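A structural walkthrough
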Amino acid sequence: MCREGGCGVCIVHAAVPTGNGKFQERSINSCLCPILSCDGWEITTVEGLGDQKNPHPIQKQLTEHSGSQCGYCTPGMVMTMYSTIRKEGKSLTATQAESALDGNICRCTGYRPILDAFKEFTNESASPACDIEDVSKRICSKTGKQCNGVCDDNGSNYFRPLVEVARAAARPWYRPTSLADLYKLLESSTLKNPYYVCGHTGIGVYDDGPYDGFISLRGIREMFVTDKKDGVITIGSGVSLTDMIDFFKSEAQTDPGFAHLEHFARLISKTAHPAVRNAGSWGGNLAMRNRHKEFPSDTFIALVMCDASVFVGPDEKSYTPEEFVNLDLKNKIVTKLTLKQFDKSHVFRTFKIMPRSANSHAYVNAGFRAKLLNEGNQLVIVDRPVLAYGNIAEEFIRASNTEEFLIGKNLADNDTFQRALTTLAQEIQPAEDKSEASPAYKRALAVNLFYKFGLQALDLHSLVDLKYKSAITSFDEERPVSKGTQSYPTVEKNWPVTKPIPKLESVVQCTGEARYISDIEQEGLLHAAFALCLHGPGKIVSIDTSRAMAVPGVVRVLTAKDIPGVNSFSGCLPSEKDEELLASDECLYFEQPVAVIVAVSKTIAEEAAKLVKVECKDVRPAVVSCKEAVVREAFYESPEDLVVGDVDKAFQKAKNKVMGEFEIGTQAHFHMETQVCVVIPTEDGLNAEAGTQWIDHTQDCMAKVTGLNKNAINVSVKRNGGGFGAKITRNNIISAACALAAYVTRRPVKMHTSLWDNMKVIGKRLANYVKYEVGFDENGKLEGIKINFYANNGIAANDSPFGEIKKWIDSGYKCPSWKLSMKCCKTNIPANTWCRAPGSTEAIYTIEHIMEHVAHYLQKPPIEVKQLNYYNDGDKVLDGSKLHKPTLKEITKQLLDSSEYDKRVQAAREFNTTNRWKKRGLTIVPMRYGVAWNGFNYSCLIAIFRNGGYVAVVHGGIEIGQGVNTKVAQCVAAELGIDMKYIMIQSTQAIITANNMTTGGSVTSELACMAAIQCAKKLMEVINPIKKKQQDGAEWGAIVEACYDAGVDLTARYWHVPASPDTIQYSTYGATVTEVEIDVLTGEHQINRVDVLYDCGESLSPIIDIGQVEGAIIMGLGYYTSEEVIYDEGTGQNLTPSTWKYKPPLARDIPLEWNVKLLHDAPNPLGVLRSKVSAEPPLDMSCSVVFAIRDAISASHAEWATRRLGLIWFVQ
Ligand SMILES: Cc1cc2nc3c(=O)[nH]c(=O)nc-3n(C[C@H](O)[C@H](O)[C@H](O)COP(=O)(O)OP(=O)(O)OC[C@H]3O[C@@H](n4cnc5c(N)ncnc54)[C@H](O)[C@@H]3O)c2cc1C
Ligand code: FES
Ligand code: FES
């Protein structure tokens, strides 16, 4: 999906010949691997392991553990597991299994079920899933048995020679087999910018192309040597990072002179992730550092630390790493490095601090070395130490002044140590990079890392007080294996409803047979890509498409002038304003689409798109933040203020008042299948498969842009590879462009946006700027709340959650008077849109922030203040709806008990008093979430077929991973009184589910079920009279046959229009306790434990709902901790549009202990079959991580800062 090695969906297993008929087997990212470098390799993909009839044990385990939701990441997960198990065999530990997934992002599941499945194959599994030997074998699709390695069929998937056409299409590709050969080639070659291909993973970080040729280094044996002679280690430059780590670990254990290589290996183990390390070489990494001075290479830092010598051919001169980076590498090749021994008086340590657990470049990386002499209580630094840093500034490598200062100094002397830190703080001057962490943070980090190193050195000589030892350990090196529990109610008499079953599609998702729109290929298919305007907001003077049009393979270049209908991708809602599909007169944001390139391949379309030149005038600085929009009073039409009670009077009366303000940021949806659509022209219109969550809206926009009538356009959707709200209205940008291209060219067209364009063009979660005031009594009882919300809408305000915010802003808290003002801010970024739990995320964060502030002011435990204000049964909530049997009090009580909250608060306090540099914090966030469903109308069609009684269902919900198909199938089976095996859910189609509402707002699954239940009831009304005439126990097939014979129509359709008397149909509730531990010196955190209790009523499908809760919580944790979208304040450019910059959580970011429970015995009389919704509300509770981190920070402040700074409240 990302095509830069950053997401893992493309991972395959490769067996690479190493000579002597042997193979080295590894997982690799296929997106980074040029096809020509695979010559002679054996590649296994997910389809090669097993199929739905005979799934491989890994596929089976993942299915049984419900490890897939949208399923887009699943093939990559399966193949990573497969490769890891083949490599480690029976000795695979759970720790290894967890870190093996460092390069695989799953946006849906929260990772827990995936890890559980994987752990079944480790040596720690209580009941191993099967013999590990069996796991490492493939299942033959022909025999259904294990593959014996030889296939007598010439059509085998394996050992197929590379197709000649691939060779013909490629630019020159050379494969020298020795260094001598290579140098000869370089002498005679006219290549100006060749790519020396080793692992070819560097392309995932920098594209320095266009390359006029490729020289593969993989056949040069000298480059793959690992050797030790006379106390010197030599490693060829082609040796992969994985092999280097393995070699160093083994040397560190067996040769005391190389014990320090353990620290080298530790740092490189944090480079990228296993699949990149398997393919990528240290030589390639170092060459990248040479070409890009800002590249925070881990290898480079480790080499500096170890005083390595780097050898460069053809003349085989050796260089220090520092000399090497300034070398002109043109026509030069890194050939090897050598490492020397160090005696045990040397202390080493490496660090890498990053925004998430893995697969991230460093905020700052560092390598330290010092030779120390212990004389009594003195620890003297002899010789010049090494303090090497990465990612500070391009030319900054070593802290030379501090190194100089430290020579001969006693590290055990506090004054000296402090002076060293001051010197360091002076010489570390990080360069400003708007897309990176702030210089202030980097500088503090650099200093603190050295402090940690110093303490570690002192500790080796027992010179560190117990309390300070917490500086030495680091989370990543000590992280235990995660664990958790899941608990849910099920009502057996209602099965299959409430029965815990995996998703219907999970097998095909795990075997790779699930088909996504992005998979569609067909004869004559054209591909479309957007050309973007590379200016900030301004007037468009000209759009020059001639260079793009001249590219061979480009069929059309379409601009606004070519649109036969309306230049808009908006639908036809009365409240909706048109948003231009292609900017015509005015460019409103940096990288707004101005043209659609239609070409014979995706690559040609994307390359040609870069050649479109747009000239603009009157370009003005972009407004990117709410605060700036407020200053400029740049607002869209905004909702009326909501006023309840007499808020001014309440404030006059209130004994206590606090006020504050904060900003909360945006979030990219990061759905794994980027926006996609395929449109096929028909004789009378268009047939589309669109990656949309809202077929009706997409159909509208396609009709609008082409000028066709709506009935000439059919849109269907089998599944989306994740959506999270981004595909409610924003898929229209792609679908409208694709429809336009197909309509104009009369050819089938696919548009599957690159991740980069997806990040640049598609709006995101609305960021908010919030100001608040709250009045309360001496106990914290709320009296009045005033809130000013400013939301960053971007260039249009069509998708604004403000209309809904009153359903959530009060959460579970009663306050007699309110004033809520909302302003939609006009800014120059793409129009922001719905993103999982839109509006409620910001609303519930806001009220929790306020409640925590009140508690902080009164110096009371926050939960005490929160509970004091809980709503009671029958109360009217802020939006005027009446509460029916709220479960929040019960939930809070149960969760405080089951999470042992009080005991753990006490334990955290004790931990904090004994640990100076690590602090723990705990919090509980309770939540009420108002569920509104009026207007969410869905239809359902059920067809029962004679000859077996099999049932096909088409419903109006879109399967985006949330399990709507499974829930519908369960309900239909229950209503028809038949086994689930009879039911199949077919694609949603505009013609069958005309005029349906979007999938969103968490209510779709339940309401699609309601439509299906009513539809099934209709059928049973006509079936039952015939059924009664059959013998008792008659088979379903026979009953259906009898109905057919009796002329009964065995199809039915139902249109469900929910109608709540109040805006809120019911409320759902939950609470989450989060415990974190922070490293005060680095700002890192680890989530020690999360306990969630969520009221899902009588969950229709509890495993699916547990999955929804877990997935939502992790998406929220990402939002609050590691994910950051940054827009340039001058141009408005998105500076973080790649996986290199944008960091959703990974498997090792989840809580160490994670207990998720659905409230038992809580049927909801106001819900569908007594259930409650699950998809979005749990995300709102993930803000608990923020308050837990603050609690931990407060513990640190309490220890030192309060003495100087007074009692601190948080402004962000
Ligand atoms: C998703 C991802 C995450 C990453 N994260 C990190 C990270 O956290 N820290 C980090 O340090 N690195 C990181 N990297 C970079 C990674 O370590 C390098 O891509 C890898 O080591 C390069 O090795 P390669 O063999 O694939 O090089 P290639 O891609 O084959 O080559 C890279 C460049 O070096 C040149 N080159 C290759 N070999 C030689 C040679 N022997 N002599 C001269 N020039 C040569 C090539 O012409 C090309 O310009 C990441 C990469 C990816 C894709
Ligand atoms: S890692 Fe290959 S597509 Fe993302
Ligand atoms: S199931 Fe993993 S991304 Fe959707």
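Everything below is about the structure printed above this text.
Model, not experiment: these values are computed from the prediction. (Residues numbered from 1 in each chain as written. Chains lettered and ligands numbered in written order. Predicted model: local features only at pLDDT ≥ 70, side-chain atom pairs only at ≥ 80, totals over all residues. Heavy atoms only, no water.)

Topic: the overall build of the protein
- For the protein, the helix and strand inventory stands at 35 helices and 39 strands.
- Since a compact globule built from 1212 residues should have a radius of gyration of about 33 Å, the 31 Å found for the protein is in line with a globular shape.
- Here the C-alpha coordinates of the protein stretch approximately 95 × 80 × 70 Å along the principal axes.
- Residues classed as buried in the protein amount to 62% of the 1212 residues present.
- Pairs at least 24 residues apart make up 77% of the contacts formed inside the protein by residues separated by at least 6 positions.
- Put simply, the protein shows about 45,400 Å² of open surface, and 50% of that area lies on carbon and sulfur atoms.
- Of the charged side chains in the protein, 131 are positive and 143 negative, and the gap between their average positions amounts to 1 Å. (Helix = DSSP H or I, 4+ residues; strand = E, 2+ residues; numbered from the N terminus. Rg over C-alpha atoms; globule rule 2.2 N^0.38 Å. Buried < 20%, exposed > 50% of the residue type's maximum accessible area, 1.4 Å probe, protein only. Contact = heavy atoms within 4.5 Å. Areas by Shrake-Rupley, 256 points an atom, 1.4 Å probe, with all protein chains shown as cover. Lys, Arg positive; Asp, Glu negative; His and termini not counted. Charge placed at Lys NZ, Arg CZ, Asp CG, Glu CD.)

Let's talk about the sheet that holds strand β34 (residues 983–985)
- The sheet built from 4 strands is open, its strands ordered β34-β33-β32-β36 with mixed pairing. The open sheet is flanked by β34 and β36 (1051–1056), the only strands paired with a single partner. Strand-to-strand twist across the sheet, computed as the mean angle between neighbouring axes with direction ignored, equals 20°.
- Two elements, strand β32 (residues 938–944) and β36, share 6 bridges in a ladder whose sense is antiparallel. Within β36, the residue paired with cysteine 940 across the bridge is tyrosine 1054.
- Docked against the sheet, helix α30 (residues 964–976) engages β32, β33 (951–955) and β34, running at close to 130° with respect to β33. (Pairing = 2+ DSSP bridges. Axes fitted to C-alpha atoms, helices over the stretch in contact; angles between N-to-C directions.)

Details of the packing of aromatic side chains
- The tally for this structure, following the rule as stated, stands at 34 aromatic pairs.
- Between phenylalanine 368 and tyrosine 389, the ring centres sit 5.5 Å apart and the planes meet at 80°, which makes this aromatic pair edge-to-face. In this pair, phenylalanine 368 sits in strand β13 (residues 364–375) while tyrosine 389 sits in strand β14 (residues 378–390), placing the two residues 21 residues apart along the sequence.
- The exposure class of tyrosine 389 is buried, given its relative accessible area of 1%.
- Taken together, Phe351, Phe368, Tyr389, Phe396, Phe417, Phe450, Tyr451, Phe453 and Trp917 form an aromatic cluster joined through their ring pairs.
- Above the face of the phenylalanine 1187 ring, lysine 866 is positioned so that its terminal group lies 6.0 Å from the ring centre.
- Over the aromatic face of tryptophan 917 sits the side chain of arginine 916, whose NZ or CZ is 4.6 Å from the ring centroid. (Phe/Tyr/Trp six-rings, centres within 6.5 Å; stacked < 30°, edge-to-face > 60°. Lys NZ or Arg CZ within 6 Å of the ring centre and 35° of its normal.)

Topic: the side chain of threonine 498
- Among the secondary structure elements, threonine 498 is positioned in the loop between β15 (483–487) and α18 (506–511).
- Residue class for threonine 498 comes out buried when judged on its relative accessible area of 2%.
- Here threonine 498 is in contact with Pro489, Thr490, Val491, Gln970, Glu1098, Ser1099, Leu1100 and Pro1102, once residues within four sequence places are set aside.

Here we look at helix α9 (residues 261–268)
- With 6 of its 8 residues buried, α9 lies for the most part within the structure.
- Taken together, the buried positions of α9 are Leu261, His263, Phe264, Ala265, Leu267 and Ile268.

Quick notes on the site of ligand 1
- Taken together, the neighbourhood of ligand 1 is formed by 37 residues, with Tyr195, Thr201, Gly202, Ser281 and Lys352 sitting nearest.
- Within the backbone of glycine 202, an N or O atom sits 2.8 Å from an oxygen atom of ligand 1.
- At 3.5 Å, a side-chain N or O of serine 237 approaches a nitrogen atom of ligand 1.
- The protein chains hide 97% of the 970 Å² of surface that ligand 1 would expose on its own.
- When residues of the shell around ligand 1 are traced back to their parent elements, those giving at least two are β5 (194–197), α11 (282–291) and β11 (333–339).
- No other element matches the 5 residues that α11 contributes to the shell around ligand 1. (Near = heavy atom within 4 Å. Polar contact = N/O pair within 3.5 Å; in protein donor to acceptor, adjacent residues only side chain to side chain.)

A word on the packing of α11 against helix α12 (residues 298–305)
- In the contact formed by α11 and α12, the axes pass within 8 Å of each other and the chain directions differ by 95°. As summarised for this structure, α11 and α12 are arranged roughly perpendicular, according to the angle between their axes. Contacts from Trp282, Asn285, Leu286 and Arg289 in α11 reach Thr299, Phe300 and Leu303 in α12.
- When the residues that make up the contact of α11 with α12 are grouped by side-chain class, the tally is 4 nonpolar, 2 polar and 1 charged. (Parallel < 35°, antiparallel > 145°, perpendicular 65-115°, else oblique. Nonpolar A, V, L, I, M, F, W, Y, C, P; charged D, E, K, R; others polar.)

Here we look at the pairing of β11
- Buried residues dominate β11, accounting for 6 of its 7 residues.
- Here 5 bridges tie strand β9 (residues 309–313) to β11, and the two strands are oriented antiparallel to one another. By the bridge assignment, valine 310 is partnered in β11 with leucine 337.

A closer look at the packing of α9 against α12
- At a minimum axis separation of 9 Å, α9 and α12 run at an interaxial angle of 165°. Classified by the angle between their axes, α9 and α12 sit roughly antiparallel to one another. The crossing of α9 and α12 is right-handed. Seen from α9, the contacting residues are His263, Phe264, Leu267 and Ile268; seen from α12, they are Asp298, Thr299, Ile301, Ala302, Leu303 and Met305.
- The residue makeup of the contact of α9 with α12, split by class, is 7 nonpolar, 2 polar and 1 charged. (Left-handed = near helix turned anticlockwise from the far one by under 90°.)

Describing the pattern of salt bridges
- If you walk through the whole model with that rule in mind, you get 71 salt bridges.
- In this structure, lysine 503 and glutamate 505 form a salt bridge, with 3.7 Å as the shortest nitrogen-oxygen distance. This pair shows no difference in class: lysine 503 is buried, exactly as glutamate 505 is.
- When salt bridges with common partners are traced through the structure, they connect Glu262, Arg266, Lys270, Asp476 and Glu477 into a single cluster. (Salt bridge = Lys/Arg side-chain N within 4 Å of Asp/Glu carboxyl O.)

Regarding the nonpolar core
- By size, the foremost hydrophobic cluster in this structure holds 191 residues, and its most contacted members are Ile787, Ile942, Ile944 and Val951.
- Looking at which element gives the most residues to this core, the answer is helix α31 (residues 1004–1029), with 12 residues.
- Listed in part, the 47 residues of the second largest apolar core include Ala560, Leu581, Val761 and Ile762. (Core = buried A, V, L, I, M, F, W, Y, C linked by side-chain atoms within 4.5 Å.)

A look at the sheet that holds β14
- Read across the open sheet, the 3 strands follow the order β12-β13-β14; overall the sheet is antiparallel. Looking at which strands have only one partner, the edges of the open sheet turn out to be β12 (346–353) and β14. Neighbour-to-neighbour, the strand axes of the sheet open up by a mean angle of 15°, direction not taken into account.
- Inspection of the sheet shows β12 paired to β13 by 8 bridges, in the antiparallel sense. When the bridges of β13 are listed, arginine 349 appears paired with phenylalanine 368.
- Against the sheet, helix α16 (residues 439–460) touches β12, β13 and β14, its axis set at about 145° to β12.

Quick look at unusual backbone geometry
- With omega at 5°, the peptide bond leading from glycine 209 into proline 210 counts as cis.
- Relative to the helices and strands, proline 210 resides in the loop between β5 and β6 (213–216).
- With omega at 10°, the peptide bond leading from tryptophan 495 into proline 496 counts as cis.
- Its place among the elements puts proline 496 in the loop between β15 and α18.

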